[in-house]
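Structural overview
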Amino acid sequence: MPPPTPLPAAASASSDRQYLLERVGEAAVVQVYADAFRDLPLREKTLVWHLGQAAIAGRDIFYDQRYIHNLEMRDMLEALVPHASAIDADTWTAIEQYTKLFWINTGPYNNLTARKFVLGCTPEAFAEAARAAARGGATFPLRAGETIDALVARLEPLLFDAAVDPTVTSKTPPPGADILAASANNLYVGVRMADLDLFREEHPLNSRLVKGGGRLEEEVYRIGGRYDAQIREIVRHLEAAIPYATEPMARALRALIVFYTTGCEADRQAYDIAWVQDKASPVDTINGFVEVYLDARSIKGAWEALVFYVNQEKTHQIQTIAANAQWFEDHMPWDPRYRRSGAQGVTANAIDIVIETGESGPITPVGINLPNDQAIRELHGSKSVSLSNVIEAYEKSIIPELRSEFSWTDDETARAVKWSAFAGELATNMHEVIGHGSGRVAERLNGNPQAALKEQFSAIEESRADLVALYFLPDRRLVELGLVAEADHDDVVRAEYEGYARNALAQLRRVREGTQIEEDHMRNRQMIVRWLMANSTAIAERTRDGKTYYVMTDPVAFREGVARLLAAVQRIKGEGDYAAALALWAAAGISIGLGILFWAGLVGAGLQLGWQAARVNINDPADCLAKFRSNRVIGWLLFAGIIAGHLA
């Protein structure tokens, strides 16, 4: 593939370049720029291309892991897309929105709420759309002898019935329900938690568990096993990349190929170690079964791939934090027995993403610390990356109203505008490097706290990393290291603490249905804010003009509360205290109050739906918000809709 046409210098530096491309329901499609790619040597550009092809080759693995019907549903939808002109306009509008959300979320489940979303037209209209597309030559995923009408009828409950497979990952199911049976993902077939009491998995990260004939079987993800065709294609591109890689990176790629070939846990560990030991390659990749958020047990790895290069201009901050990892470890506010001595090499870089697929794309993280294997972290260290161009795109695409609407004072809004990007990136870097990269666990856990903490592990670990960042943000050590100017330090801390409190309310605009939070990052942030509200004077809930606000009132109390909570969370992880983890989330981190959900949903609906009834300009968020708030009829209609959704 030829290199992309270089952007003019003025375009790459332009402050008016486009970031927010489109809104689709509650989702935003944002442009990410990788300007420095054009300056890479040809050898590194070629390496990026081969690694990118490997990332694309494995994309359908995650589609299949996320939902067993995903690939067939996608084929059905994509067969319709080229024939939009032949489909009734209203029907096509509904199909188009659903298809875009399907692509964005890798299936019919909202990435944050884990709840199923459905098509907005009638089954009859959808069937007619399929027939119209067929007349135009569309090819559908028909089974042997199946007609188009039969196909539509078979897929109807998947596309239209929210009660069929309602939740992709259910870590907080209804009373008496099993977390595996209540989860619609394709990591388990016919398996319940009780089936695993005496079962020892040989391939815990990279297998699907299937129960049949009264016995459990591991379908291993490897060449010759499950996903054979996709993994062979991944390996082919990885092999093509090796001649263009640095020698340390080539060793890691060879180790990854061995793991893909055997699927053995020992070979996975060997790959993780080789990847961590590659500390200086300017281009790198993450490729494989990595994060465990999709699994209600927090054991099975979802497939993902990222290809990136180091952003040399932005790397200073994260590398400074990494270079001082032992200082931070020594000053953690938790019991010294959980502190790690001789912190092993934390390799840290700011990076620019070129491609992300699987669980990491198109919905992307902003920071990563790997490997997740606690034993390897403690013995060999870890690698942390801050996704600079993703953070930039996220910050540039936020509409101002989302800050001002939830801020208690104009000063809070002004601090957010001035400092939120800087404070957020600094907090993200500390979250990844000294958050995920810190601490140790009791020897009896054998470096595997996941097994003890089960479905609570991921939320506990994300909470721990967030709390580490929040705890050290006010520390004068950051000024001494040159990471924050002394004159700005207080404002940076206030901006981050205010934003953290505000976000616990603002993020609820994304929860349009139900009162349960399943996504681990959202659960973590809700828990921290609610714990601080209940156990300190750091955050106050205030109302004004019928609206609820979370107001950070005391940064000193905020940090003191964070220290107490962090010590407790580290103890839970360090001891694998499952009962304490359950109690923590039950008290603060799961259910949402209806009043809070109503207000957050109302604002979200106003920003994203109100223009239809108010006849406002969809491209002018300020106009959307102003006219929505002035139109009581719309407000009451949306109120009724939200309450009806709760009662349904």
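Check the entry above for the structure.
The present account deals with the structure reproduced in this document.

Procedures and definitions
Residues numbered from 1 in each chain as written. Predicted model: local features only at pLDDT ≥ 70, side-chain atom pairs only at ≥ 80, totals over all residues. Heavy atoms only, no water. Helix = DSSP H or I, 4+ residues; strand = E, 2+ residues; numbered from the N terminus. Buried < 20%, exposed > 50% of the residue type's maximum accessible area, 1.4 Å probe, protein only. Pairing = 2+ DSSP bridges. Expected span 1.5 Å × (residues − 1). Arc of directions from axis to C-beta. Contact = heavy atoms within 4.5 Å. Axes fitted to C-alpha atoms, helices over the stretch in contact; angles between N-to-C directions. Salt bridge = Lys/Arg side-chain N within 4 Å of Asp/Glu carboxyl O.

Turning our attention to the overall build of the protein. If you tally the helices and strands in the protein, you get 27 helices and twelve strands. Taken across its 648 residues, the protein has 56% of its residues classed as buried.

Counted residue by residue, strand E10 (residues 382–387) has six buried out of six residues, so it is predominantly covered. Burial of the side chains of E10 extends over both faces: Ser 382, Ser 384 and Ser 386 are buried on one face and Lys 383, Val 385 and Leu 387 on the other. Summarising the sheet, strand E8 (residues 346–358) and E10 pair through six bridges and their orientation is parallel. Within E10, the position partnered with Val 346 by the bridge is Ser 382. Summarising the sheet, strand E9 (residues 367–370) and E10 pair through four bridges and their orientation is antiparallel. Its bridge partner being in E10, Asn 369 is matched across the sheet by Ser 384.

Moving on, we come to helix H8 (residues 228–241). Over its 14 residues, H8 extends 20 Å from the first C-alpha to the last, a length consistent with the 20 Å expected when each residue adds 1.5 Å. Those residues of H8 lying buried are Ile 231, Ile 234, Val 235, His 237, Leu 238 and Ala 241. The buried residues of H8 occupy an angular sector of 165 degrees when projected down its axis, which confines them to one face. Contacts from the buried residues of H8 go to helix H2 (42–57), helix H3 (59–66), helix H9 (247–262), strand E6 (283–289) and strand E7 (303–310).

Geometrically, the link from Gly 361 to Pro 362 is a cis peptide bond, its omega value of 10 degrees lying close to zero. Looking at where Pro 362 falls in the secondary structure, it is placed in the loop between E8 and E9. Following Leu 370, the chain continues to Pro 371 via a peptide bond in cis, the omega torsion being 0 degrees. Its place among the elements puts Pro 371 in the loop between E9 and helix H13 (374–380). One non-glycine residue, Thr 106, lies in the positive phi region at around 50 degrees. Structurally, the position occupied by Thr 106 is in the loop between helix H5 (89–105) and helix H6 (123–135).

Pairing is mixed across the open sheet formed by five strands, whose spatial order is E6-E7-E8-E10-E9. On the outer flanks of this sheet lie E6 and E9, each paired with one strand and no other. Strand after strand, the sheet turns through a mean of 35 degrees between neighbouring axes, direction not considered. Against the sheet, H9 engages E6 and E7, with an angle of about 15 degrees to E6.

Here the focus is the pattern of salt bridges. Applying the stated criterion across every chain yields a total of 38 salt bridges. Linking Lys 211 and Asp 195 is a salt bridge whose minimum nitrogen-to-oxygen distance equals 3.0 Å. Linking Lys 211 in strand E4 (residues 207–212) with Asp 195 in the loop between strand E3 (188–189) and E4, this pair joins segments that are 16 residues apart in sequence. You can call Asp 195 partly exposed: its relative accessible area is 24%. Several salt bridges converge on common partners, so that one network encompasses Asp 64, Arg 208, Glu 219 and Arg 226.

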